[in-house]
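Listed below, chain by chain, are the residues.
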Amino acid sequence: MAPRTKRGKLRGHGEGALYYSQALDRWIGVATIPDPRAKDGRRRIKITAREKTQAKDKLDEALGKIKDGVPAGSARETVADTLRSWLERGLDRKKVKSQSTVDGLIWAVEKQIIPAIGGYRLRDLDCEHVEDMLAGMADKGLSTSSLIRIHTTLTRALTWAQRRGKVYRNVSDLVEAPAGTERPSQALTVAQVHTVLDTAKGDRLEALWILGLVLGMRPGELTGLRWEHIDFETGVITICESLKHRKGTLWQGGTKTRQSRRKLQALPIAIIVLRAHRKRQAAERLAATSWTDTGYVFTTGVGTPIDPAGLRRAFRALIKAAGIPDKQPTEDCPKPGLWHPNEMRHSAGSYMDAMGVPPKRVASILGHEGTRTTERVYIHGQEVIDMTGDEFEAYGNQFGNQSAEGS
């Protein structure tokens with residue numbers, strides 16, 4: 001007789017179920033999710049782990065990614081696979097009769113998109129990857145028309161993949177508009193930034209939101225920031241590393257480019273909230289039954305790194321609590337879009353510009369080589385970049401600009 005299987009209690013609706021298999025000597029987590037490809041419109045997912053807590057965490061992570069809109073391609077399918085499949089089977093050659101149009105699509109796929117992001121698995125592709133690709137192309141001097149062609153090509157291919165159940169999120173949230181074609185609502189307005197920051201007061205990640213919305217740090221730079229990178233005596237924050245995510249693994253690497261490595265003489269408000277965050281984290285460490293000491297400034301409640309999906313969920317929850325509406329639909333993006341943490345950076349750049357900070361200084365703060373990317377993408381060296389100087393006075397005054405001494 002086969003060993004009996006011990007079933008755990010069913011969890012809430014949409015949360016799946018956990019049970020222990022004596023035959024496998026492992027805990028099993030199962031759930032049913034929507035799948036347009038399946039006959040009944042549903043698909044069953046299954047995970048295993050040796051410990052019940054591990055199985056619960058893995059199942060919650062899988063369901064969280066699906067809920068958050070992470071692409072759901074097969075384990076092996078890459079972006080390059082999807083793009084080439086689209087070129088072969090997705091193009092309606094009856095509608096696309098011009099060979100020059102086809103040649104343009106092939107150029108965008110084979111010469112531009114695949115060399116930049118083709119190696120990513122479709123399920124791992126993130127908005128930040130696409131934005132970094134487009135920003136890098138803008139830095140290399142590609143024209144706005146070329147960027148629009150690349151963006152449109154990728155959007156069409158992913159939309160085709162979405163109709164086949166390979167992508168669950170709204171494609172407009174995955175593929176941000178290229179330089180010069182952004183939706184105005186991609187950057188929070190000045191009033192919205194303050195509304196979000198007011199809502200964030202007392203949040204365990206309040207300091208992260210301020211560093212993102214006020215200093216314009218990238219999501220990976222925020223989650224990869226270590227305590228050793230902050231000099232509380234001088235008020236200097238060194239941005240030299242970034243937490244990266246690929247193939248389901250988090251790893252610490254360098255910043256996006258050499259120019260992204262920078263030192264900021266930060267606004268006093270940033271140092272004030274970081275001091276408060278250090279105390280909050282120390283209290284969390286004492287209260288936790290187990291704590292993983294990673295040295296990161298921003299972590300989960302048990303000290304482990306914050307992954308991109310977790311940061312997206314936290315940011316969108318904050319945006320919702322602040323009463324900020326979804327990004328507005330446009331002709332090219334007919335569905336409202338959810339906000340992405342990377343748009344904190346856009347918002348900071350736009351806010352600095354609105355307060356009269358020169359584009360060259362904004363470029364230095366954001367870590368761009370020059371003003372080209374800043375002006376075309378973000379405004380809708382190892383020297384310490386002083387954000388407390390005259391050029392930032394009006395901007396700093398928006399956040400109190402009080403002294404960080406004694407806080």
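Residues numbered from 1 in each chain as written. Predicted model: local features only at pLDDT ≥ 70, side-chain atom pairs only at ≥ 80, totals over all residues. Heavy atoms only, no water.

As for the pattern of salt bridges
A complete count under the given rule lists 8 salt bridges for this structure. As a salt-bridge pair, Arg218 and Glu221 come within 2.8 Å of each other at their nearest N and O atoms. Summarising the burial analysis for this pair, Arg218 and Glu221 share the class buried. A salt bridge links Arg361 to Glu391; the nearest nitrogen and oxygen atoms lie 3.0 Å apart. Residue Glu391 is classed as partly exposed on the basis of its relative accessible area of 39%. (Salt bridge = Lys/Arg side-chain N within 4 Å of Asp/Glu carboxyl O. Buried < 20%, exposed > 50% of the residue type's maximum accessible area, 1.4 Å probe, protein only.)

Considering the confidence of the model for the chain
Put simply, the chain has an average pLDDT of 78, and 74% of its residues get 70 or more. Contacts from residues 371-376, a stretch scored under 50 in pLDDT, to residues over four places away or in other chains number 26 contacts. Residue range residues 378-382 is modelled with pLDDT below 50. Its contacts to residues more than four positions away, or to other chains, number 25 contacts. (pLDDT = per-residue confidence, 0-100. Contact = heavy atoms within 4.5 Å.)

Quick word on the environment of Ile269
Mapped onto the elements of the fold, Ile269 is located in helix H10 (residues 268-287). Taking the C-alpha atoms as reference points, Ile269 and Ala207, separated by 62 residues in sequence, lie 9.3 Å from one another. (Helix = DSSP H or I, 4+ residues; strand = E, 2+ residues; numbered from the N terminus.)

Regarding the packing of aromatic side chains
Applying the stated criterion across every chain, the model contains 6 aromatic pairs. The interplanar angle of 40 degrees and the centroid separation of 5.7 Å between the aromatic rings of Trp209 and Phe315 together place this pair among those described as tilted. On the criterion of sequence distance, the pair formed by Trp209 in helix H8 (residues 206-215) and Phe315 in helix H11 (residues 308-321) is long-range, its members being 106 residues apart. Assessed through its relative accessible area of 1%, Trp209 is described here as buried. Assessed through its relative accessible area of 1%, Phe315 is described here as buried. (Phe/Tyr/Trp six-rings, centres within 6.5 Å; stacked < 30°, edge-to-face > 60°.)

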